[in-house]
Amino acid sequence: MKDRLPAHVAVIMDGNGRWAAMRGLPRVEGHRRGAERAKEVITASVEMGLGTLTLYTFSVENWQRPEDEVSLLMKLLEAYLRREASGLVRNGVRFRAIGQTWKLPGGVRALIRDLEEKTAQNTGLTLVAALSYGGRDEIVRAVRKALAAGVEPGGFTEEALEGHLDTAGLPEPDLIIRTSGEMRLSNFLLWQSAYSELYFTSTLWPDFSKDEFLRALHDYRMRERRFGAVHAKETG
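Only a predicted model underlies this, so the values are computations on that prediction, with no experimental measurement involved.

Enquirer: Residues and numbers for the overall build of the protein chain, please.
Expert: When its secondary structure is counted, the protein chain shows eight helices and six strands. The order of helices and strands in the protein chain, counted from the N terminus, is β-α-α-β-α-β-α-β-α-α-β-β-α-α. Overall, the protein chain is about 60 × 45 × 35 Å in size when its C-alpha atoms are taken along their principal axes. Taking all 236 residues of the protein chain together, the buried fraction comes to 46%. Counting every atom, the protein chain has about 12100 Å² of accessible surface; 51% of that belongs to carbon and sulfur. Separation of charge centres in the protein chain, based on 33 positive and 32 negative side chains, amounts to 4 Å.

Here it is in structure tokens:
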């Protein structure tokens, strides 16, 4: 069944705050538990031989959260990168960050650059962290880059734009998973998700286990992707 696996899975990891609130815990505890789940899903992706996994880690809108929460999130991110870097290198994972990464704290930026350099030649799972990321912002920046590169309006094609997206060189996501019961993309991979299969679950991210991840992949395997075409059985 490996040939039926999606080449690229993207995950909107939602529900950390609600998970903590339901248990009378500080929101940061939900984020800590969420980081553990992220590691579990990354490990499962490596074991199954997935090509690309993108995690919506921190959105451009998240900067609007209380300053102390944002600060804690950045500290958690820095600690996670320090702690997990050697394991990612050892497991052949290629790490890549997308989004307005220049807005992140200097220590986080340095860790990202170092990890991207150390894993650049790896050939296993490509792990993409969407950090300070927004889909609309990405498209606007891509248009500006294309124009700056000399693309003329008359020659402005989809391919020209895609080549300047943060995700240039990566396959479009076959499957997008969103946890916590919300059923929207929330400004995530707007261009790339044109033909993505969507999987929604009411499970909050800190409770999203490897087993549910596998169920989402199984659900994907059962679907028929047509990309706007008609199935052969319907033309016979």
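Enquirer: With reference to specific residues and values, describe the pattern of salt bridges.
Expert: Applying the stated criterion across every chain, the model contains 20 salt bridges. Ionic pairing is found between Glu197 and Arg223, a salt bridge with its closest N-O pair at 3.0 Å. Here Glu197 is found in strand E6 (residues 197-200), whereas its partner Arg223 is found in the loop between helix H7 (210-221) and helix H8 (232-235), with 26 residues between them in sequence. Judged by its relative accessible area of 17%, Glu197 is buried. Of the residues examined, Arg223 reaches a relative accessible area of 23% and is grouped as partly exposed. Through salt bridges with shared partners, one network takes in Asp14, Arg18, Arg178, Glu182 and Arg184.

Enquirer: I'd like a description of the packing of aromatic side chains, backed by residues and values.
Expert: Evaluation of the coordinates by the stated rule reveals six aromatic pairs. Here the aromatic rings of Phe208 and Phe213 are separated by 6.5 Å at their centres, their planes lie at 70°, and the arrangement is edge-to-face. A network of ring pairs unites the aromatic residues Tyr56, Tyr133 and Phe188 as a single cluster.

Enquirer: An account of the sheet that holds strand E5 (residues 175-178) is requested, with residue identities and associated values reported.
Expert: Backbone-to-backbone hydrogen bonds pair the strands of a sheet. The strands run either parallel or antiparallel. Judged by pairing direction, the sheet is parallel, and its six strands sit side by side in the order E3-E4-E2-E1-E5-E6 without closing on themselves. The sheet is open, and its two edges are formed by strand E3 (94-98) and E6, each paired on a single side. Between one strand axis and the next, the sheet turns by 20° as a mean value, whatever way the strands run. Of the pairings in the sheet, the one linking strand E2 (residues 52-59) to strand E4 (residues 126-133) comprises seven bridges and is parallel in character. Its bridge partner being in E4, Phe58 is matched across the sheet by Leu131.

Enquirer: How would you sum up the side chain of Thr203? Please name residues and give values.
Expert: Turning to its location among the elements, Thr203 is positioned in the loop between E6 and H7. In this structure Thr203 comes out as buried when scored by relative accessible area, which is 18%. A distance of 2.8 Å separates polar atoms of two side chains, one belonging to Thr203 and the other to Glu212. Filtering out sequence-adjacent residues up to four positions away, Thr203 remains in contact with Thr179, Ser180, Phe208 and Glu212.

Rules used in this analysis
Residues numbered from 1 in each chain as written. Predicted model: local features only at pLDDT ≥ 70, side-chain atom pairs only at ≥ 80, totals over all residues. Heavy atoms only, no water. Helix = DSSP H or I, 4+ residues; strand = E, 2+ residues; numbered from the N terminus. Buried < 20%, exposed > 50% of the residue type's maximum accessible area, 1.4 Å probe, protein only. Areas by Shrake-Rupley, 256 points an atom, 1.4 Å probe, with all protein chains shown as cover. Lys, Arg positive; Asp, Glu negative; His and termini not counted. Charge placed at Lys NZ, Arg CZ, Asp CG, Glu CD. Salt bridge = Lys/Arg side-chain N within 4 Å of Asp/Glu carboxyl O. Phe/Tyr/Trp six-rings, centres within 6.5 Å; stacked < 30°, edge-to-face > 60°. Pairing = 2+ DSSP bridges. Axes fitted to C-alpha atoms, helices over the stretch in contact; angles between N-to-C directions. Polar contact = N/O pair within 3.5 Å; in protein donor to acceptor, adjacent residues only side chain to side chain. Contact = heavy atoms within 4.5 Å.

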